[in-house]
Amino acid sequence: MLPSALWWLEESGPAHFEGLDLTRLRMDQAYVRVHNDADEDPLWLYSLSEDCVDCPYRRTADVSGEGPHVLTVDTARAATWRFYTNGDNATVPEDDLRWAGCEVPAALGEFGVYDLHVNGSDCMLHTAQPAVNVLFPLASVAVALLALAVLHGAVSLVASCFGRRQRRRKEARRAAAAAPPQHVEALGDYKAQMNGNGRKLLDADTPSASPSPSSSLAPSPAAAPTPARRRVRSLDVVRGISIVLMMFVNHGAGGYWFLEHATWDGLYVGDLVFPWFMWIMGVCIPLSVRPQLARGASRCRLLLQVIRRSVVLFALGVALTSLSTSRLESLRVMGVLQRLAVAYLVAASLAVLMTPRRWGAAAVDLGVGAKGRRPGVLADVVVLLPQWVVVLALAALHVAAFLLLDVPGCPRGYMGPGGVHLDGAYPNCTGGAAGYVDRLVLGEEHLYQTPGAHAVYGSGPFDPEGLLGCLSSVLQVFLGVQAGTALVTYSSWRARVVRWFTWAVLLAAAGVCGWYFGDVPVNKSLWTVTFVALTSSLALVLLCVVYLLVDVWRCWTGSPFLYPGMNALVMYAGHQLCYRLFPFHWQLGPMNTHLMRLLENVWGTLLWILVAVFLYRRKVFISV
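Per an unreviewed UniProt entry, the chain goes by Heparan-alpha-glucosaminide N-acetyltransferase and derives from Frankliniella occidentalis.

### A few points about the overall build of the chain
What the chain contains, in helices and strands, is 18 helices and 11 strands. Each of the 624 residues in the chain was classed as buried or not, and the buried ones make up 46%. Across the chain, the fraction of contacts at a sequence separation of at least 24, relative to all contacts at a separation of at least 6, is 71%. Counting only carbon and sulfur atoms, one obtains 62% of the accessible surface of the chain, whose full area is about 31100 Å².

### Here's the deal with the sheet that holds strand 4 (residues 44-49)
Read from one edge to the other, the open sheet built from five strands follows the order 8-5-4-7-9, with strand pairing classed as antiparallel. Each edge of the open sheet carries a strand with a single partner, namely strand 8 (91-92) and strand 9 (100-106). Pairing of strand 5 (residues 57-62) with strand 8 involves two bridges; the strand directions are antiparallel. Opposite Arg-58, over in strand 8, you have Thr-91 as the bridge partner.

### Thoughts on the nonpolar core
Ranked by internal contacts, the top residues of the largest apolar core, which has 111 residues, are Met-278, Trp-279, Ile-285, Tyr-457 and Trp-500. If we ignore the near neighbours within four places in the chain, the residues touching Trp-500 are Ala-483, Ala-486, Leu-487, Leu-540, Leu-543, Cys-544 and Tyr-547. Listed in part, the 20 residues of the second largest apolar core include Val-63, Ala-79, Leu-108 and Cys-123.

### Considerations on the environment of Ala-351
Mapping Ala-351 onto the fold places it in helix 6 (residues 336-354). A relative accessible area of 4% means that Ala-351 is categorised as buried. Look past the residues within four positions of Ala-351 in its chain and what remains in contact with it is Ile-285, Val-289, Leu-293 and Gln-387.

### Some details on the packing of helix 9 (residues 385-404) against helix 13 (residues 469-489)
Helix 13 packs onto helix 9 with a crossing angle of 150° between their chain directions and a minimal axis gap of 8 Å. Between helix 9 and helix 13, the interaxial angle falls into the category roughly antiparallel. With respect to the hand of their crossing, helix 9 and helix 13 are arranged in left-handed fashion. Contacts between helix 9 and helix 13 pair Gln-387, Trp-388, Val-391, Leu-394, Ala-395, Leu-397 and His-398 from the former with Gly-469, Leu-471, Ser-472, Val-474, Leu-475, Phe-478, Leu-479 and Gln-482 from the latter. Looking at side-chain class alone, the contact of helix 9 with helix 13 contains 10 nonpolar, five polar and no charged residues.

### Some words on a positive patch on the surface
Residues Arg-164, Arg-165, Arg-167, Arg-168, Arg-169, Lys-170, Arg-173 and Arg-174 make up a contiguous surface patch of positive charge. Relative to the elements of secondary structure, Arg-167 occurs in helix 1 (residues 135-178).

### Overview of the side chain of His-69
Looking at where His-69 falls in the secondary structure, it is placed in strand 6 (residues 69-74). Using a relative accessible area of 18% as the deciding quantity, one classes His-69 as buried. One polar contact links the side chain of His-69 to the main-chain carbonyl oxygen of Ser-64, over a distance of 2.9 Å. Apart from the residues within four sequence positions on either side, His-69 is in contact with Val-32, Arg-33, Val-34, Asp-62, Val-63 and Ser-64.

### Let's talk about the pairing of strand 3 (residues 29-36)
Regular strands place side chains that alternate from one sheet face to the opposite one. Strand 3 sits mainly inside the fold: seven of its eight residues count as buried. Sheet topology places strand 3 next to strand 6; six bridges connect them, and they run antiparallel. By the bridge assignment for strand 6, Val-32 is matched with Leu-71. By the bridge criterion, six bridges tie strand 3 to strand 10 (residues 113-119) in an arrangement that is parallel. Across the sheet, Val-32 pairs through a bridge with Tyr-114, a residue of strand 10.

### Looking at unusual backbone geometry
Here the amide bond leading from Asp-41 into Pro-42 is cis, since omega sits at 10°, within 30 degrees of zero. Note that Pro-42 resides in the loop between strand 3 and strand 4. Each neighbour pair has its own omega, and for Phe-582 with Pro-583 the value is 10°, a cis peptide bond. Backbone geometry places Leu-422, a non-glycine residue, at a positive phi of 55°. Mapped onto the secondary structure, Leu-422 falls in helix 10 (residues 421-424).

The rules behind the values
Residues numbered from 1 in each chain as written. Predicted model: local features only at pLDDT ≥ 70, side-chain atom pairs only at ≥ 80, totals over all residues. Heavy atoms only, no water. Helix = DSSP H or I, 4+ residues; strand = E, 2+ residues; numbered from the N terminus. Buried < 20%, exposed > 50% of the residue type's maximum accessible area, 1.4 Å probe, protein only. Contact = heavy atoms within 4.5 Å. Areas by Shrake-Rupley, 256 points an atom, 1.4 Å probe, with all protein chains shown as cover. Pairing = 2+ DSSP bridges. Core = buried A, V, L, I, M, F, W, Y, C linked by side-chain atoms within 4.5 Å. Axes fitted to C-alpha atoms, helices over the stretch in contact; angles between N-to-C directions. Parallel < 35°, antiparallel > 145°, perpendicular 65-115°, else oblique. Left-handed = near helix turned anticlockwise from the far one by under 90°. Nonpolar A, V, L, I, M, F, W, Y, C, P; charged D, E, K, R; others polar. Patch = residues over 30% accessible without salt bridge, like charges linked within 9 Å, V, L, I, M, F, W, Y side chains within 5 Å. Salt bridge = Lys/Arg side-chain N within 4 Å of Asp/Glu carboxyl O. Lys, Arg positive; Asp, Glu negative; His and termini not counted. Charge placed at Lys NZ, Arg CZ, Asp CG, Glu CD. Polar contact = N/O pair within 3.5 Å; in protein donor to acceptor, adjacent residues only side chain to side chain.

Below you can see the structure in the form of structure tokens.
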């Protein structure tokens, strides 16, 4: 139960209701009293959750006799209940209506109490105690965070204005102290510098003047000075948004199912963070590789740097996965950082080996080609054509493996979760070809033992960051490389935004068409090409918005996401290591409401943002 001071946010009602102890309910639970009005014996309740697609009904409870039978049911997802007079089978196919009685949809709410009257072929569901509004805590916390952000922005603006005024005063005092003594004869020179309108004509000795009289002439492109390169802060901000959302989701996301990962097919908020992080890593590859190639850096040396970073990332990922178990015979081999390492190794190696040197720093600074001409409309695509060939071949290999690989005991093209999916026809076929390759190469004991589909479908061990998904992950990173190439090729912000938005539309169309017409599901666990297309499309839209706000219009500094984005590796590794440590995590009472879980998850995420701010102020940036 909630502390009394917080009941108004997620009111759970009285502690007891008609003999029922509501304090025993957990988050997303309710009581249902089943009344067998026909006094049938036997009578069994079977249920089918909306989260379990193409599944059979599962035996839930024996409700024989008059009752009432008090059941504690899950309310997170809607379900359909069906009553059978034969309960011999643990599961019953959805189209099997033998011994079936009435059927009722059950969309219940947290902490509610319901009466279900069963009378042969009739079912009536009534609400005895209203449920709480589980979305109200989420809205309240969101408003509080927004108010905190506005307050922080107002304080920062006042402090910035005050600091700017103080700096101007100090600069004026230093300039006055350093100025030479004025002489009377200087008056004539000063008058000579006045034009007919009485305005001062600046000469070369004035600090804000042009460096020479000839500087007013239009310089040739070759003689133009190279402007200082300004860091594109929006990239760090997008990376920060990804890592902050990742930490929040990994902490629990307040227990809201739509903020976590989809059980199998589908795209929820939690499914966006990893592909976004992978995509923004690709954006930064051309920003690092191309200037070094333009300065004459050795490709061999750059390739060795890529290999070293990949090895370090992979080793760090294995170390973090050993937090669950360090036994070598059951150590999980793949994981988040391991997938990043493999995808980065391939994408960055292609950039190092196939990027022409003439598309280097000149394009970054001036937006002109190697011969002084401005780049063409498709220059950013043409320069990557050799890399596109390799990446598309890898993506085609990923699709072909699912469609053509002969998996023992499974039909070709199967991409389901196994278990009870399709009435349990293929219980050991979780992930189809992806699961088969991982079991064959890595061994079942080295996979993730309790994947997200386990609780819903009863699936066996399966690794959502397995080997086959690395092929399509390279495409994810390379789509980021394509966005980064547009950034270094074109200097106009309009040209960049137009290209990013165009790519977003094309990828969204490709993802939707592949989903609806190509029968390729949007699935994070399999990292399907439709999943890559849609998540990359959303990442491009996010980059467009953040780029305009932060780098073009400069109406947002990117705070607070800028700071975690500058130390993303520390944020990820740190929140994994401190997952159960105070003060990042705590418990107060039974923690049986969304509000308490949300407060705890937001608290832990905000603490890591403060750690990122501290590291930023200390100029500590850790990478591999």
